[in-house]
Amino acid sequence: MGSILNSAISGLNAAQANLQTTSHNIANADTPGYTRQKVIQSTNVPQPTGAGFIGSGVNASTVQRIHNQFLTTQLLQVQTQSSQLENHYNQIKQIDNLLADPVSGLSPALQDFFGGVNDVAANPSSVPSRQAMISNANALSSRFHSLDQRLSEMYQAANTEVSSSIGEINSLAKQISELNQNILIAEGSAGGHSANDLLDQRDSLINQLSKLVNTEVVKQNDGSANVFIGTGQALVVGNQAMSLKAMISPENPQKMSIGLVSGNKTFLLPEDLIHGGSLGGILAFRNESLNEAQNSLGRIAINLAQRFNDQHKLGMDLNGNLGTDFFSVPQPQIFSHATNNPASSVTADISNVGALSTSDYQFTYDGANYTLTRLSDNQSVSTVAPPSAGSPLIMDGLRISAATINANEQFLIQPTINGAKNIAVNISDTAKIAAATPVRTESALTNSSNATISQGSVNPLPLDSNLQQPVTITFHSPYDGQFDVAGTGSGLPAANQVFTEGADISFNGWTVQINGQPASGDVFTIKPNLNGSADNRNALQLAGLQTQNTMAGGTASFQEAYGQMVSMVGNKTRELEVTSKAQSNLVTQTEQSIQAISGVNLDEEAANLLRYQHAFQASSKVIEISGTLFDSILRIG
């Protein structure tokens, strides 16, 4: 009788365990991260008899999670990539919308500005036209400022998100380490049985962590899980959680970097070690897309300001004075590394705006060589001697002309980052617009030939100090194909110059051409352009800058450079949109695969309830029958 009763009781206990587990599954059907559980049963050791082995019931050995570690690991991988792509896309989409806007973008302001310059070229003496040109220049400057301000706000928002993400990572790391300890205690007190609900909680936290940063998990024999982020930085080891800290970058005080706290010290983590998740996405956006966009916009501003100034200074204003800088040209931004000697310094400027790139640069000294490195591709130029004004170190139009630097010190140089921020209009007086050319040419009324002299142009900077000194060109009499040049200036007077029709004749910083066939004694004069209020020659040259290929090594105009910038951002945005959607679909598929294995199916659980209810009732019936049989034996006795 005892064996029948024992078997029935074991069946009753097993059915009760199954009912409890099924009830637990149903109760947590909507709990995030919950994994379906199942009672693992096995037969008890049978009893040997003369008639063979007779079973002795069932044993509920443990409660097991229905869990697929391969799919869980795969979800961490695809999810961290999805979060990075999605966050990068959401951020760069803001730049795309900003730059491509047909109203608030840079293109309309550029068109309006050069429209104003063309209006002055058409009406050089008109004060309203000149005022409109200055107003449009101020509007262009303001447009640069507003675009840069919006990009700077994005940069600050990215810094804030880095700090916020680090706080979340630290919180999750602490919770995971505490769960490691709780799991160790729980499984130890339960004789090694899995603490299923605690394991689910830990997996859920690791899942959340993978959305923030790339996460790798190494399970330990004692049930704990070591967690590594990025490319292998330990975050959780057993019940110990490492702490990250948002810290100002020692290279760039405007950038928020990531440090690892160890005792009382904080060590800077290289950002190339941190990738994946929303943190990796915001770092990629800030350091790549946003930085390049701001540098590209600044490069356009600097190039425009310098080219326009160079041409403007070749002209003459309504007061008869030579032109001055129309725009202020922003200078490179330089940051000394936090560990540098405070007395260390570097002098840098822009030697060639047309050669500027959109990269940042690093200037270092290793004790033997002074090196300037382009950070976008790590190409560099070096010199053994310290850079000086007479022997500067130049790369991509960036010139280092002086350096006071100790061994192993470094400087970050950003040539164009503040271009859009600091461009400004220097002229407010309409009379100071240099629309005219400071020299004019004349043919003597007594000339007997039909030869003509061009209006003349001013040579590129620097200006010659004798630019406006009167100069006379007189052909020999009798005519022998030669002429003499009289006046004040370098190389003057000049006798017996051989004449070639249409060839350049240059003295005192100006150039003219004589066309046609001169006659004996013909005289041509180059002199100051007095009372040249109606002269528009320099204004035409200023207007022509709109279509000249002055950027990207002489391959693009201002408008084309901006178009290339918008196209680059747009293409990157579209690329991230497509890859983000594809990765998101992969995350959904992986989650569905996990749910198909580990999720709670309420219909299935309802059927299990009935099955285990019947098993419980059957075991109870066996106990009842066992009691009846025992009573019958007692009555026989």
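It should be emphasised that the depicted structure is a prediction, and the values quoted were computed from it without experimental measurement. By convention here, each chain's residues receive numbers from 1 onward along its written sequence. Local features are withheld for residues below a pLDDT of 70 in this predicted model, meaning they are given only at 70 or higher, and side-chain atom pairs are given and counted only at 80 or more; totals for whole chains, interfaces and linings count all residues. Hydrogens are left out, water is left out, and the side-chain values use all remaining heavy atoms of the structure.

*Asks:* Hey, could you run me through the sheet that holds strand E11 (residues 265-268) in this one?
*Replies:* Within a sheet, adjacent strands bond to each other through the backbone by hydrogen bonds, running parallel or antiparallel. Being paired, for any two strands, means DSSP has found at least two bridges between them. Only DSSP runs of H or I reaching four residues or more are called helices, and only runs of E reaching two or more are called strands; each is numbered from the N terminus. The 3 strands lie next to each other as E9-E10-E11, forming an open sheet whose pairing is antiparallel. Strands with a single pairing partner mark the edges of an open sheet, and in this sheet they are strand E9 (243-248) and E11. Between one strand and the next, the sheet's axes are offset by a mean angle of 45°, whatever the strand orientation. Sheet topology note: the E9/strand E10 (residues 256-262) ladder contains 6 bridges and is antiparallel. Bridge pairing links Met 247 to Ser 257 in E10. For every element, the axis is a line fit to its C-alpha atoms; helices are fit only across the contacting stretch, and the angle between N-to-C directions ranges from 0 to 180 degrees.

*Asks:* Can you walk me through a nonpolar patch on the surface in this structure?
*Replies:* Patches in this entry comprise residues that are over 30% relatively accessible and not in a salt bridge; like charges within 9 Å are linked, as are nonpolar side chains (Val, Leu, Ile, Met, Phe, Trp, Tyr) within 5 Å. For the accessible areas, the method is Shrake-Rupley and the probe is 1.4 Å, while residue cover comes only from the protein chains on display. We count a salt bridge whenever a side-chain nitrogen from Lys or Arg sits within 4 Å of a carboxyl oxygen from Asp or Glu. On the surface, a nonpolar cluster with roughly 280 Å² of combined accessible area is contributed by Ile 4, Val 622, Ile 625 and Leu 629. Here the nonpolar patch takes 3 residues from helix H10 (residues 602-636), the largest share from any one element. Turning to its location among the elements, Ile 4 is positioned in helix H1 (residues 2-27).

*Asks:* I keep staring at the packing of helix H6 (residues 277-312) against helix H9 (residues 558-598) and nothing clicks. Help me out?
*Replies:* Helix-helix packing is characterised by the crossing angle of the two axes and by the distance between the axes. Their axes nearest at 10 Å, the elements H6 and H9 cross at an angle of 175°. When the interaxial angle is binned, H6 and H9 end up roughly antiparallel. Within the contact between the two elements, H6 uses Ser 289, Glu 292, Ala 293, Ser 296, Leu 297, Ile 300, Asn 303, Leu 304 and Arg 307 and H9 uses Phe 558, Ala 561, Tyr 562, Met 565, Met 568 and Lys 572. Among the residues forming the contact of H6 with H9, the class breakdown is 9 nonpolar, 3 polar and 3 charged. Any angle between 65 and 115 degrees counts as roughly perpendicular, while under 35 counts as roughly parallel, over 145 as roughly antiparallel, and the rest as oblique. Contacts between residues were defined by any pair of non-hydrogen atoms, one from each residue, lying within 4.5 Å. Residue type decides the class: Asp, Glu, Lys and Arg count as charged, Ala, Val, Leu, Ile, Met, Phe, Trp, Tyr, Cys and Pro as nonpolar, and the leftover types, Gly among them, as polar.

*Asks:* Is there a simple way to explain the pairing of strand E15 (residues 361-365) in this structure?
*Replies:* On any regular strand, side chains alternate: one points to one face of the sheet, the next to the other face. Burial along E15 is one-sided: Tyr 361, Phe 363 and Tyr 365 are buried, and none of Gln 362 and Thr 364, which face the opposite way, are. Taken together, the 5 bridges between E15 and strand E20 (residues 409-414) define a ladder with antiparallel strand orientation. Each residue of the ladder has a partner; that of Tyr 361, found in E20, is Ile 413. Burial here depends on accessible area, computed with a 1.4 Å probe over protein chains only, as a share of the maximum for the residue type. Under 20% is buried, over 50% is exposed, and the range in between is partly exposed.

*Asks:* What is the right way to read the domain arrangement of the chain from this model?
*Replies:* For the purposes of this description, domain bounds are those given by an automatic or database domain assignment. What the domain assignment lists for the chain is domain 1 (1-66 + 602-636), domain 2 (72-286 + 554-590), domain 3 (331-417) and domain 4 (439-528). Here the C-alpha centroids of domain 1 and domain 4 sit 117 Å apart.

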